[in-house]
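Given next are the chains, with one letter for each unit.
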Amino acid sequence: MEHLSIASDNYVAFTFFIGTMAMMAASVFFFFELNNTSPKWRTSVLVSGLITFIAAVHYYYMRGYNLETGESPTFFRYVDWILTVPLMCVEFYLITKKAGAKVALLWKLIFASLVMLVTGYFGETIDKDNSVMWGVVSGAAYFYIAYLVWFGEVANLAQTAGTQVAKATRVLAWFVLVGWAIYPLGYILGTPGGLFGVQLVEDQAAATHAMDIVYNIADAINKIGFGLVIYALSRKED
Ligand SMILES: *C/C=C(C)/C=C/C=C(C)/C=C/C1=C(C)CCCC1(C)C
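Every chain is numbered independently, its residues counted from 1 as its sequence is written. Only residues with pLDDT of at least 70 get local features here, since the model is predicted, and only at 80 or more are side-chain atom pairs given and counted; chain-wide, interface and lining totals rely on the full set of residues. Excluded from the side-chain calculation are hydrogens and water; included are all heavy atoms of the structure.

### Brief notes about the site of the ligand
Thinking step 1. Surrounding the ligand, one finds 18 residues, the nearest of these being Val85, Met116, Ser138, Tyr183 and Lys223.
Thinking step 2. For accessible areas, the Shrake-Rupley method is used with a probe of radius 1.4 Å. Any residue's cover is judged against the shown protein chains and nothing else. Relative to its unbound accessible area of 520 Å², the ligand is 99% covered by the protein chains.
Thinking step 3. Among the cavities detected, the one that contains the ligand is the largest pocket.
Thinking step 4. Strands are runs of DSSP state E lasting at least 2 residues, helices are runs of H or I lasting at least 4, and numbering of each runs from the N terminus. If you list the elements that add at least two residues to the shell around the ligand, you get helix H3 (74–97), helix H4 (103–124), helix H5 (131–150), helix H8 (182–190) and helix H9 (204–236).
Thinking step 5. Residues are grouped as follows: Ala, Val, Leu, Ile, Met, Phe, Trp, Tyr, Cys and Pro are nonpolar; Asp, Glu, Lys and Arg are charged; every other residue, Gly included, is polar. Counted by class, the shell around the ligand contains eleven nonpolar, five polar and two charged residues. The criterion for a residue being near a molecule or strand is simple. One of its heavy atoms has to lie within 4 Å of it. The method works on a 1 Å grid over the protein atoms by themselves. A cavity is a set of points holding a 1.4 Å probe that cannot get out, a pocket is an open set with protein on both sides within 12 Å along at least five of seven lines, and residues with an atom within 4 Å of a point line them. Those molecules having more than half of their atoms within 2 Å of a cavity or pocket grid point set are described as sitting in that cavity or pocket.

### Regarding the side chain of serine 234
Thinking step 1. Its location among the elements puts serine 234 in helix H9.
Thinking step 2. Whenever two N or O atoms come within 3.5 Å, that pair is a polar contact, provided that in protein one can donate a hydrogen and the other can accept it, and provided that, for residues adjacent in sequence, both atoms are side-chain atoms. There is a polar contact of 3.3 Å between the side chain of serine 234 and the side chain of arginine 235.
Thinking step 3. Setting aside residues no more than four positions away along its own chain, serine 234 makes contact with Thr37, Trp41 and Val45. When checking whether two residues touch, look at their non-hydrogen atoms; a contact exists if any pair is within 4.5 Å.

### Some thoughts on the packing of aromatic side chains
Thinking step 1. Note on ring pairs: Phe, Tyr and Trp rings are taken, using the six-membered ring of Trp, and paired if centres are within 6.5 Å. Classes follow the plane angle, with under 30 degrees stacked, over 60 edge-to-face and the rest tilted. The full count for this structure, using the stated rule, is 20 aromatic pairs.
Thinking step 2. Centroid distance phenylalanine 29 to tyrosine 231: 4.9 Å. Interplanar angle 65 degrees. Geometry classified as edge-to-face. Here the residue phenylalanine 29 occupies a position in helix H1 (residues 11–33), and tyrosine 231 occupies one in helix H9, the gap between them amounting to 202 residues.
Thinking step 3. Its relative accessible area of 34% is what places phenylalanine 29 among the partly exposed residues.
Thinking step 4. Under the relative-accessibility criterion, tyrosine 231 is labelled buried at 16%. Using a 1.4 Å probe on the protein chains alone, a residue whose accessible area is under 20% of its type maximum counts as buried, one over 50% counts as exposed, and one in between counts as partly exposed.

Limitation: the analysis is restricted to geometry and does not speak to function.
This is the structure we're talking about:
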């Protein structure tokens, strides 16, 4: 059997490797800190750990897949997102629940995130020719989520849930607006004609590599960052 190791100039494989390690470390941290977390915040911190743990398992797999085939693990990328993004919606629900958030709000967030991800998957895989159209639909669902957390129900409930929850929700809203906006950039770089027919990276292999690196960086920022905001909130208010 051929021995596979990461070449020092293989940034795709390297970021998959670092991603695996970072997600694992974050999960261990969140899980072990559960013991020092007040009961009120325990579920929220547990969900932070589940998000990074699910990502760690997927990254371990995607790292091996990418190393062995040299290809982009698109399917498992989206399986990961379809599990972890709804869990991020659960975080918004949990921290605003004390202020009266209803399960209907949670479903609204989850539904929008599923629309965002399923349409993105279509654009990247089975209907690449219409990647711009799928990207626009996905973007609309993304803006709806951003709207809910900045100005809609999530923002309003957070205001009545107390200063610390309001502050934390504002930081999470920045993650959604800026951190999540990195993903459409990856999509535009990696999809043929992603930005209204313009191919930004000429060579398709290089374009796919750029997309994977951008997604890997975005995942580390968003999954671990989100979890740390929740963790910090659990320390400030008990
Ligand atoms: C942990 C994973 C996260 C937070 C993933 C978030 C993914 C997105 C916000 C993806 C958004 C997309 C668009 C807004 C348009 C193009 C297609 C996507 C799916 C890349």
